[in-house]
Amino acid sequence: MNYISTRNKNNTSVNSFSKITMEGLAPDGGLYIPDNFPFLTLKEIYKMANLNYAELFTEIIYQFCGSCINRSEIFQIATDSYKNFGSEDLAPLTKYNDNIKILELYHGPTLAFKDFALQFLSRIFNLFLERSNKNITIIGATSGDTGSAAIEAFKNNSSANIIILHPKGKVSEFQRRQMTTIEADNVFNIALDGNFDDCQAIVKKLLVDKEFNEKQNLASINSINWVRVLAQVVYYFYSALKVLKYNKLERVNFSVPTGNFGDAYAGYIAKKMGLPINKIIIATNSNDILSKFFQTGIYKVSKVVPTLSPSMDIQVASNFERLLFECLDSNPTLVKEYMAKLNTHGSFEISKEMLYELNKTFLGVSVNDDKTIERIRNCYSEKNIIIDPHTSVGLEAACSAKLEELNIVLSTAHPVKFSSAVNKAINNTLSLPNKYKNIFTLEEKFKSFPNDINVIKNFISINSSL
Ligand SMILES: *Cc1c(COP(=O)(O)O)cnc(C)c1O
């Protein structure tokens, strides 16, 4: 399998899985995608129904790796990646009602679904670094959960230093402390005076700064990195296979709380690979650029507003470019045009025909804070299930969409990560998991910096692993 960049019109170079994994962002600023997607017949898919998670992971992921890794290596890495999940079933499904199930993706070491991809990514990085005998400096932006999942996965790694930018004052205290209380010499946290989009913009600029990147050997752990998205494809298969029966021509819907469009795009890949998915509900909070886009065909950036689901307080959804590339007939010149329009005018619009095509899969629903709180409250009082605000956005979207097929709502974080929002809705003090009992008293270590790329560059130069 070869990979191409969404912005390179001479897409002829050889981009292996290992190359694009280590590069993260393509040098032209585009995102990598496979030049063709593997397709499985229903028969082949249902044959995998009895596999355990690591086995299923191997069967799906190896198809994207070319000759870079073999099956048994992937299986080993997958087994190791998921051994520290605090639930026997890595991704349990809980019944909400006859029409809706909740997929709990928060049993990993940092209590959010980001662990699924980052535990795998760190091990893949290690494998490729060992082979090349190199060191890297990881640079990442976080709206809250990527940072802690990445730090957990890379702390004390002797081949990598990790530098994480989070928007100052815009992540929950629990999320911040998960990052800033880790004691490891290779971990550095920066609180940036700005929002998530500012953090992400700096990371992207650094990655395409050829001279700086070559000197520091930067690597990316954000979902601009293909591996992040790829690893998440697996739980779509895993959960759908639990509920679908081969002999019935059924399909499922997924409701995905969305910010950077990584997780939702992973669902789209699963559908492209043949998994019988009907609709993917794009559930956003009041930062509704994506849900509005799927309603109107207009992609228009507005100001980020802080909400109770801060991990989705994002306007510029990086992964959306991967879908846009496909909408624009895989024409990188058009992608560049649209992205330039976005930069200069703050918006672009796609044709009605294109929107019609997209709506065969995607349904945009936005959920405000009041509804988020109300759904947390109802879910607890009626079903005795405590959900976090991001999950609540997904659940509320699924309830209001009223789709006939079975709906699987992705539960992306443990409620304890957002206890102040949860406490607003229900009078129930959540107890901290053992591992985090001391989190609110441990000493924090981080730097506060202005939104200035040169200050960040300077800090990286001093603290890189080279
Ligand atoms: C990151 C995150 C999301 C959004 O996922 P994207 O892939 O960025 O769309 C939703 N919920 C939680 C809890 C998250 O951490």
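Section: the site of the ligand
Turning to step 1, where the next piece is worked out: Around the ligand, the structure places 15 residues, and the nearest of them are Lys114, Asp145, Gly259, Asn260 and Thr412.
Turning to step 2, where the next piece is worked out: Relative to its free-state accessible area of 380 Å², the ligand is covered by the protein chains to the extent of 98%.
Turning to step 3, where the next piece is worked out: For the shell around the ligand, a count of residues per class yields five nonpolar, seven polar and three charged.

Brief notes about the sheet that holds strand 5 (residues 136-141)
Turning to step 1, where the next piece is worked out: Taking strand neighbours across the sheet as the criterion, the five strands line up as 8-5-6-7-15 in an open arrangement whose pairing is parallel. Each edge of the open sheet is held by one strand with a lone partner, namely strand 8 (218-220) and strand 15 (447-449). Taken pair by pair, the neighbouring strands of this sheet meet at an average axis angle of 30°, ignoring direction.
Turning to step 2, where the next piece is worked out: Bridge count for strand 5 against strand 8 is three bridges, and the pairing is parallel.

Quick look at the pattern of salt bridges
Turning to step 1, where the next piece is worked out: With the rule as written, the count across this model stands at 21 salt bridges.
Turning to step 2, where the next piece is worked out: Of the charged contacts, one joins Asp89 and Lys242 as a salt bridge, the two residues approaching to 2.5 Å between their closest N and O atoms. With a gap of 153 residues between them, Asp89 in the loop between helix 4 (71-81) and strand 3 (93-97) and Lys242 in helix 10 (residues 226-243) connect regions that are remote in the sequence.
Turning to step 3, where the next piece is worked out: Its relative accessible area of 35% is what places Lys242 among the partly exposed residues.
Turning to step 4, where the next piece is worked out: A salt bridge links Glu396 to Arg375, with the shortest nitrogen-to-oxygen separation between them at 2.8 Å. Of this pair, Glu396 sits in helix 17 (residues 389-401) while Arg375 sits in helix 16 (residues 369-383), and the two are 21 residues apart along the sequence.

Thoughts on the packing of helix 3 (residues 53-61) against helix 10
Turning to step 1, where the next piece is worked out: Running from N to C, helix 3 and helix 10 point in directions that differ by 120°, and their axes come no closer than 9 Å. The orientation of helix 3 relative to helix 10 falls into the category oblique. As for the relative orientation of helix 3 and helix 10, their crossing is right-handed in sense. Taking contact as the criterion, the partners of Tyr53, Leu56, Phe57, Ile60 and Ile61 in helix 3 are, on helix 10, Leu230, Ala231, Val233, Val234, Tyr235, Phe237, Tyr238 and Leu241.
Turning to step 2, where the next piece is worked out: By residue class, the composition of the contact of helix 3 with helix 10 is 13 nonpolar, no polar and no charged.

Details of the nonpolar core
Turning to step 1, where the next piece is worked out: Within the largest apolar cluster, 113 residues are counted, with the highest numbers of intra-cluster contacts made by Phe17, Trp226, Phe237, Phe261 and Phe320.
Turning to step 2, where the next piece is worked out: Considering every element that reaches this core, the biggest residue donor is helix 10, with 14 residues.
Turning to step 3, where the next piece is worked out: Excluding residues within four positions of it along the chain, Phe237 makes contact with Leu40, Ile45, Met48, Leu56, Ile60, Ala270, Met273 and Leu275.

With respect to a nonpolar patch on the surface
Turning to step 1, where the next piece is worked out: Nonpolar side chains collect at one region of the surface, where Leu42, Tyr246 and Leu249 lie side by side and expose about 350 Å² of accessible area between them.
Turning to step 2, where the next piece is worked out: Looking at where Leu249 falls in the secondary structure, it is placed in the loop between helix 10 and strand 9 (252-257).
Turning to step 3, where the next piece is worked out: Leu249 gets classed as exposed once you look at its relative accessible area, which sits at 83%.

Re the sheet that holds strand 9
Turning to step 1, where the next piece is worked out: The mixed open sheet is built from six strands, whose spatial order is 3-4-14-9-10-13. This sheet does not close on itself; its edge strands, each paired only once, are strand 3 and strand 13 (362-366). With strand direction ignored, the average angle separating the axes of adjacent strands in the sheet is 25°.
Turning to step 2, where the next piece is worked out: Bridging between strand 10 (residues 277-284) and strand 13 involves five bridges; their strand directions are parallel. Each residue of the ladder has a partner; that of Ile280, found in strand 13, is Phe362.
Turning to step 3, where the next piece is worked out: Helix 12 (residues 289-296) rests against strand 10 and strand 13 of the sheet, and its axis sits at about 130° to strand 13.

Side note on the packing of helix 10 against helix 11 (residues 262-272)
Turning to step 1, where the next piece is worked out: Relative orientation of the contacting elements helix 10 and helix 11 amounts to 60°, with a least axis distance of 8 Å. Between helix 10 and helix 11, the angle falls in the class oblique. Of the two elements, helix 10 crosses helix 11, and the hand of that crossing is right-handed. Contacts from Trp226, Val229, Gln232, Val233, Tyr235, Tyr236 and Phe237 in helix 10 reach Gly262, Asp263, Ala264, Tyr265, Ala266, Gly267, Ile269 and Ala270 in helix 11.
Turning to step 2, where the next piece is worked out: Split into classes, the residues belonging to the contact of helix 10 with helix 11 amount to eleven nonpolar, three polar and one charged.

Here we look at the side chain of Arg177
Turning to step 1, where the next piece is worked out: Considering the arrangement of structural elements, one finds Arg177 in helix 7 (residues 173-180).
Turning to step 2, where the next piece is worked out: Exposure remark for Arg177: the relative accessible area of 10% places this residue in the buried category.
Turning to step 3, where the next piece is worked out: At 2.9 Å, the side chain of Arg177 forms a polar contact with the backbone oxygen of Ile439.
Turning to step 4, where the next piece is worked out: Each residue touching Arg177, except ones within four places of it in the same chain, is listed here: Ile439, Phe440, Thr441, Leu442 and Glu444.

Description of the environment of Lys272
Turning to step 1, where the next piece is worked out: Inspection of the secondary structure assignment puts Lys272 in helix 11.
Turning to step 2, where the next piece is worked out: Measuring from C-alpha to C-alpha, the distance between Lys272 and Ile69 comes to 23 Å, with 203 residues separating the pair along the chain.
Turning to step 3, where the next piece is worked out: Here Lys272 is in contact with Phe37, Pro38, Phe39 and Glu326, once residues within four sequence places are set aside.
Turning to step 4, where the next piece is worked out: A distance of 3.0 Å separates polar atoms of two side chains, one belonging to Lys272 and the other to Glu326.

Looking at the pairing of strand 6 (residues 160-167)
Turning to step 1, where the next piece is worked out: Across the eight residues of strand 6, eight count as buried, placing the element largely inside the fold.
Turning to step 2, where the next piece is worked out: What you see with strand 6 is no split at all: Ala160, Ile162, Ile164 and His166 on one side and Asn161, Ile163, Leu165 and Pro167 on the other are buried throughout.
Turning to step 3, where the next piece is worked out: For strand 5 and strand 6, the ladder comprises six bridges, and the chain directions are parallel. When the bridges of strand 6 are listed, Ala141 appears paired with Leu165.
Turning to step 4, where the next piece is worked out: The parallel pair strand 5 and strand 6, bridged by helix 6 (residues 145-154), forms a crossover whose chirality is right-handed.
Turning to step 5, where the next piece is worked out: Handedness of the crossover is the feature at issue here: the chain leaves strand 6, passes through helix 7, returns alongside strand 7 (residues 187-192), and the resulting connection is right-handed.

How each quantity is defined
- Residues numbered from 1 in each chain as written.
- Predicted model: local features only at pLDDT ≥ 70, side-chain atom pairs only at ≥ 80, totals over all residues.
- Heavy atoms only, no water.
- Near = heavy atom within 4 Å.
- Areas by Shrake-Rupley, 256 points an atom, 1.4 Å probe, with all protein chains shown as cover.
- Nonpolar A, V, L, I, M, F, W, Y, C, P; charged D, E, K, R; others polar.
- Pairing = 2+ DSSP bridges.
- Helix = DSSP H or I, 4+ residues; strand = E, 2+ residues; numbered from the N terminus.
- Axes fitted to C-alpha atoms, helices over the stretch in contact; angles between N-to-C directions.
- Salt bridge = Lys/Arg side-chain N within 4 Å of Asp/Glu carboxyl O.
- Buried < 20%, exposed > 50% of the residue type's maximum accessible area, 1.4 Å probe, protein only.
- Parallel < 35°, antiparallel > 145°, perpendicular 65-115°, else oblique.
- Left-handed = near helix turned anticlockwise from the far one by under 90°.
- Contact = heavy atoms within 4.5 Å.
- Core = buried A, V, L, I, M, F, W, Y, C linked by side-chain atoms within 4.5 Å.
- Patch = residues over 30% accessible without salt bridge, like charges linked within 9 Å, V, L, I, M, F, W, Y side chains within 5 Å.
- Polar contact = N/O pair within 3.5 Å; in protein donor to acceptor, adjacent residues only side chain to side chain.
- Right-handed = clockwise from strand over helix to strand, strands pointing away.

Honestly, it's all geometry; don't read function into it.
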